[in-house]
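Chain residues, written in single-letter form:
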Amino acid sequence: MSQIQENLQKIRSEIPPHVTLVAVSKTHPPEAVMEAYRAGQRVFGENKVQEMCAKFEQLPKDIEWHMIGHLQSNKVKYIVPFVHLIHGVDSFKLLTAINKEAAKQNRPVNCLLQVYIAQEETKFGFEKEEILELVRNRAFDTLPFVRVHGLMGMASNTMNETIVRNEFKALKQLFGELKSKGAFDDSFSVLSMGMSGDYQIAIEEGSTMVRVGSSIFGARSYN
Ligand SMILES: *Cc1c(COP(=O)(O)O)cnc(C)c1O
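Just so it is clear, the structure is predicted and the values come from calculations on it, not from any experiment.

Explain the side chain of glutamate 101 to me, please; I cannot follow it from the model alone.
Inspection of the secondary structure assignment puts glutamate 101 in helix α5 (residues 92–104). Exposure remark for glutamate 101: the relative accessible area of 15% places this residue in the buried category. A distance of 2.9 Å separates the side chain of glutamate 101 from the side chain of glutamine 105, its partner in a polar contact. Excluding anything up to four places from it in sequence, glutamate 101 contacts Val76, Lys77 and Val80.

For this particular structure, what's the right way to read the pairing of strand β6 (residues 146–153)?
Regular strands place their side chains on alternate faces of the sheet. Of all eight residues that make up β6, seven are buried, and the element is covered over most of its length. The pairing of strand β5 (residues 109–115) with β6 spans seven bridges and is parallel. Along β6, the bridge assignment pairs glutamine 114 with methionine 152. In this structure, β6 lies alongside strand β7 (residues 190–193), joined through four bridges in parallel fashion. Among the inter-strand pairings, glycine 150 is bridged to a residue of β7, identified as valine 190. Handedness of the crossover joining β6 and β7 through helix α7 (residues 161–181): right-handed.

What's the story with helix α1 (residues 3–14) in this structure? I'm lost.
An α-helical segment advances 3.6 residues per turn. Residues three or four places apart therefore align on the same side. Taking 1.5 Å per residue, 12 residues should reach 16 Å; α1 reaches 17 Å between its end C-alpha atoms and fits that length. For α1, the set of buried residues is Ile4, Gln5, Asn7, Leu8 and Ile11. Seen from one end, α1 has its buried residues packed into an arc of 160°, which puts them on one side. With respect to the buried face of α1, the exposed residues turned more than 90 degrees away are Gln3, Lys10 and Ser13. Against the buried residues of α1 lie β1 (20–24), α2 (30–38), α8 (199–204), β8 (209–212) and α9 (214–217).

Hey, could you run me through the site of the ligand in this one?
By nearness alone, every residue bordering the ligand is listed as Val24, Lys26, Ile68, Met152, Met154, Met195, Ser196, Arg211, Val212, Gly213, Ser214 and Arg220. A distance of 2.7 Å is found between an oxygen atom of the ligand and a side-chain nitrogen or oxygen belonging to lysine 26. Taking serine 214, its main chain carries an N or O atom lying 2.8 Å from an oxygen atom of the ligand. Alone, the ligand offers 390 Å² of accessible surface; in the complex the protein occludes 89% of this. Partitioned by chemical class, the residues of the shell around the ligand number six nonpolar, three polar and three charged.

Can you walk me through the packing of helix α6 (residues 128–136) against α7 in this structure?
Two measures define how a pair of helices packs: the angle their axes make with one another and the distance between the axes. Closest axis-to-axis distance for the α6/α7 pair is 12 Å, and the angle between their directions is 5°. The angle between α6 and α7 falls in the class roughly parallel. For the pair α6 and α7, the contacting residues are Lys128, Ile131, Leu132 and Val135 in the first and Leu174, Glu177, Leu178 and Lys181 in the second. Considering only residue class, the contact of α6 with α7 consists of five nonpolar, no polar and three charged.

Quick question: what am I supposed to make of the pairing of β5 here?
Among the seven residues of β5, seven are classified as buried, and the element is accordingly described as predominantly covered. Here strand β4 (residues 85–89) pairs with β5 via two bridges, running parallel. Its bridge partner being in β5, valine 89 is matched across the sheet by leucine 113. Between the parallel pair β4 and β5, the chain is carried across by α5, and the sense of this crossover is right-handed.

Can you walk me through the packing of aromatic side chains in this structure?
Given two aromatic rings, one states the distance between the centres and the angle between the planes to describe the pair. Evaluation of the coordinates by the stated rule reveals six aromatic pairs. With a centroid separation of 4.0 Å and an interplanar angle of 10°, the aromatic rings of phenylalanine 56 and phenylalanine 82 are classed as stacked. On the criterion of sequence distance, the pair formed by phenylalanine 56 in helix α3 (residues 49–58) and phenylalanine 82 in the loop between α4 (76–79) and β4 is long-range, its members being 26 residues apart. Through pairs of rings, three or more aromatic residues link up here, namely Phe92, Phe140, Phe175, Phe184 and Phe188. Positioned over the ring face of tyrosine 37 is arginine 42, at 3.5 Å from the centre of the ring. Cation over ring: lysine 61 sits above phenylalanine 56, and NZ or CZ is 4.8 Å from the ring centre.

Thresholds, definitions, all that
- Residues numbered from 1 in each chain as written.
- Predicted model: local features only at pLDDT ≥ 70, side-chain atom pairs only at ≥ 80, totals over all residues.
- Heavy atoms only, no water.
- Helix = DSSP H or I, 4+ residues; strand = E, 2+ residues; numbered from the N terminus.
- Buried < 20%, exposed > 50% of the residue type's maximum accessible area, 1.4 Å probe, protein only.
- Polar contact = N/O pair within 3.5 Å; in protein donor to acceptor, adjacent residues only side chain to side chain.
- Contact = heavy atoms within 4.5 Å.
- Pairing = 2+ DSSP bridges.
- Right-handed = clockwise from strand over helix to strand, strands pointing away.
- Expected span 1.5 Å × (residues − 1).
- Arc of directions from axis to C-beta.
- Near = heavy atom within 4 Å.
- Areas by Shrake-Rupley, 256 points an atom, 1.4 Å probe, with all protein chains shown as cover.
- Nonpolar A, V, L, I, M, F, W, Y, C, P; charged D, E, K, R; others polar.
- Axes fitted to C-alpha atoms, helices over the stretch in contact; angles between N-to-C directions.
- Parallel < 35°, antiparallel > 145°, perpendicular 65-115°, else oblique.
- Phe/Tyr/Trp six-rings, centres within 6.5 Å; stacked < 30°, edge-to-face > 60°.
- Lys NZ or Arg CZ within 6 Å of the ring centre and 35° of its normal.

What follows is the structure, encoded as structure tokens:
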């Protein structure tokens, strides 16, 4: 078994069956994706449109591609034909662009609303109040080609477990609130939270989808 396959097996053994593992393959070559694929992994996450499209072209068509990065409106058209889930939708403007392109291509697109939960200022996302306001105004009804399947969030990058846990708790609470309000239909069921450093805490706090990169594929090198 390769290192990637060993890592995958270990992480799978730590994740309950109701939690989906998104293997984050950004910056890693198609061969690395194939190693994970041969170990049964079918769900992969990328954060760059160009890289995701290139991998989609080259790799088996039963892979589910998840866009986890910040997405620019003008690049939406390239991923609408095949993307399985867009995690990082962080503005109504972007949702409108996705709806428009999805309508044009006649392919509804599954999205998660990214919520700003961390203390850092650099993280993208909706504020909780913004989402509640959009729900009150029935703004999502105007986007028939967007399927809001849930929420996504990133905790602060800190060793302080209490901070991380409380940020996940806040996201889970909003998730529950939107669910009990019936803000979206029954497909609103995904809570994407947790990465290599904090997925155990995220699962304890109610995550249904974790996005794990370096613990599977090793460190990334950007050059
Ligand atoms: C890169 C990335 C991940 C994976 O991070 P690791 O720490 O390598 O597990 C998860 N989510 C998002 C949004 C990312 O950009």
